[in-house]
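Observations on the model geometry
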Amino acid sequence: MPTDYTAYLEEELRNAPKKRTDDLYHYTSSDAAILGILATRTIRLSPFHGTNDLWESRPLYPSLQGESGLSSEATMELWREIDRHIRMHSKVACFTNDWDLPEAVSDRNALRGWSHLSLWAHYGQRHAGLCLRFDRQKLLSAFEAAKCSAVHQFSGDVRYRTVSLGSGPEAINLRQIQEFGADAAALRYSETHQQDLFFSKHIDWSNESEFRLVRTDLSLSPFNLDITDALNGVFLGDEFPQERIAALQAVLWPLGSVPTFQLRFHNRHLVSFPVDLGNTSIADVATEPVSSFGALRKGTLAARLEELRSAEREADASLAVAREAAQSVAAVLADGVDTVAAVLADWPAALVQVHSSITAVPEGQRRRAPGAARETVAFETGRMVVAEHQPQYSVTFVAAVALQVLGERIRIHAMISVETWSDAGNMKEELWREVEETDVATAPARTKLLLDRLREALSGSREAFDRERGV
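This text gives an overview of the structure that appears in the document. What you see is a predicted model, and the numbers here were worked out from it, not measured in a lab.

The rules behind these values
- Residues numbered from 1 in each chain as written.
- Predicted model: local features only at pLDDT ≥ 70, side-chain atom pairs only at ≥ 80, totals over all residues.
- Heavy atoms only, no water.
- Helix = DSSP H or I, 4+ residues; strand = E, 2+ residues; numbered from the N terminus.
- Expected span 1.5 Å × (residues − 1).
- Bend = angle between axes of the 7 residues up to and from the residue.
- Phe/Tyr/Trp six-rings, centres within 6.5 Å; stacked < 30°, edge-to-face > 60°.
- Buried < 20%, exposed > 50% of the residue type's maximum accessible area, 1.4 Å probe, protein only.
- Lys NZ or Arg CZ within 6 Å of the ring centre and 35° of its normal.
- Core = buried A, V, L, I, M, F, W, Y, C linked by side-chain atoms within 4.5 Å.
- Contact = heavy atoms within 4.5 Å.
- Pairing = 2+ DSSP bridges.
- Axes fitted to C-alpha atoms, helices over the stretch in contact; angles between N-to-C directions.

Moving on, we get to helix α13 (residues 443–469). Side chains of residues three or four places apart in an α-helix project in the same direction, reflecting 3.6 residues per turn. End to end, α13 covers 37 Å across 27 residues, agreeing with the expected 39 Å (1.5 Å per residue, within 8%). Considering bend angle alone, the principal kink of α13 is centred on S459 and spans about 40 degrees. Downstream of α13 by one or two residues, G470 has phi in the positive range, about 70 degrees.

Put into structure tokens, the structure is as follows:
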């Protein structure tokens, strides 16, 4: 056994016989896969000028053969037109080859199409994306079926080079341009020299082991190729977010049983193992709870959403009626609160203020959101008088009233409390409370009687307020 075991593994991998499989791999982000490729069941052949190697993404001006009589500016414009027809009208889809190694090799997955760390980093959303596996022959069959709408189509492996001629493999004949047009001459040139133009990259990209589909047509738009029959595997990156699983399930469901694998990075190795996402359709996803809190109501998302809208419409309609029913009672409450405020204003060392508030209503009885359980409070309003001890806020006296409209009934609350402030925490004591419930017609009179009892309770409650503040 060699001293440097890592060097031994490298040598083993270099010398091992490699067999190219019938699979091709495509790295992409989760959004591009879920919202694009899998949702539409197509893969996009994008304009050639968008490739990442400057050898391809920048113009290549081939030599021009023959006397043209063109000025330098006209020659440059001719080159630009040739480039437009070669690069701008050509589209490409890129895949990674898959290599099988003998069982005796220590790291048999080293050359698998899904195991390229740099491709995960560059194209696979830094391991949070997906790697899609395709059957090579089925993909090529779908590509061939689309050929009728193209000027020409090519497919094959990319060759990696360190040096290039720079000006193109051969010259374009100017007489042919004059005879047939620059567009025809350029497209014939790209057809004849397809290998050098479309399947040659700088050696720095050799780790991609790339296989390409190249299409040229007369459109500047991308071309979408049907991959329904060719897709035969989905690999989730090591950082693929769990919250995207449901969306992935939904778009995979129409494609039938597509094997799915999870990748995990462990001890400098990517490990692949199958996962069962289940058979979840888009309709099934819609019945899932909308949050981790779940939903008490059953049914699809569309049905529950419509129920919520209906509950809010009903609440809005009830609110308008309830406001009108509460007007006379609200006026009585306002007058009564002003009287209470006048009484408290005579108390020594107290700053008195009046606020709109439903403090008098206990927490559990307050109006809830439309559609929520418990009794339906159509409308509620209230006021409170606050007396703060002076010169320092240390004890607060509160006298509060509120009304609630419950259909044909009105409920009136009244309460008195004292709250003492301290560094150890505030202590609140409720000194008095009464509740009246009646019909709309008798509510004003019953409210006046309740306010009378509230004013009577002020004197006894003041003793507790003064005791707490030392007055």
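Once that is clear, we can look at the packing of aromatic side chains. In total, this model carries 11 aromatic pairs according to the counting rule given. Both rings, one in Y61 and one in W79, keep their centres 5.5 Å apart while their planes meet at 25 degrees; by these two values the pair is stacked. With Y61 in the loop between α3 (54–57) and β3 (64–65) and W79 in helix α4 (residues 72–88), this pair connects stretches of sequence that are 18 residues apart. Taking 5.0 Å as the distance between ring centres and 70 degrees as the angle between the ring planes, the aromatic pair formed by W347 and F397 counts as edge-to-face. Of this pair, W347 sits in the loop between α12 (301–345) and β15 (350–356) while F397 is found in strand β17 (residues 395–406), placing the two residues 50 residues apart along the sequence. Each member of the pair W347 and F397 is classed as buried. Residue placement shows R136 over the ring face of F211; its charged tip is 5.0 Å from the ring centre.

So, on to the nonpolar core. In terms of nonpolar packing, the biggest core is built from 35 residues, with L344, F397 and I416 touching the most fellow members. Only α12, β16 (379–389), β17, β18 (409–420) and α13 provide two or more residues apiece to this core. When residues of this core are assigned to their parent elements, the largest contribution, 10 residues, is made by α12. Setting aside residues up to four positions removed in sequence, L344 forms contacts with V352, V385, A387, F397 and L458. Judged by nonpolar contacts, the second largest core, of 32 residues, contains L24, L130, L132 and F134.

Time to look at the pairing of strand β12 (residues 231–236). The buried count for β12 comes to 5 of 6 residues, which makes it a mostly enclosed element. In this structure, strand β5 (residues 130–135) lies alongside β12, joined through 5 bridges in antiparallel fashion. Across the sheet, the residue bridging to R133 is G233, located in β12. In the sheet, β12 pairs with strand β13 (residues 260–266) via 3 bridges, with the strands oriented parallel. Paired with L236 across the strands is Q262, a residue of β13.

Below, the discussion takes up the sheet that holds strand β19 (residues 427–439). One open sheet holds the 5 strands; their spatial order is β15-β16-β17-β18-β19, and the pairing between them is antiparallel. Only two strands of the sheet have a single partner each, and these edge strands are β15 and β19. Ignoring which end each strand starts from, the neighbouring axes of this sheet average 10 degrees apart. Here β16 runs beside β17; their pairing, made up of 10 bridges, is antiparallel.

Considering the arrangement of structural elements, one finds A443 in helix α13. Judged by relative accessible area, A443 falls into the buried class, the value being 0%. Other than its neighbours up to four places away in sequence, A443 contacts V329, I410 and T438.

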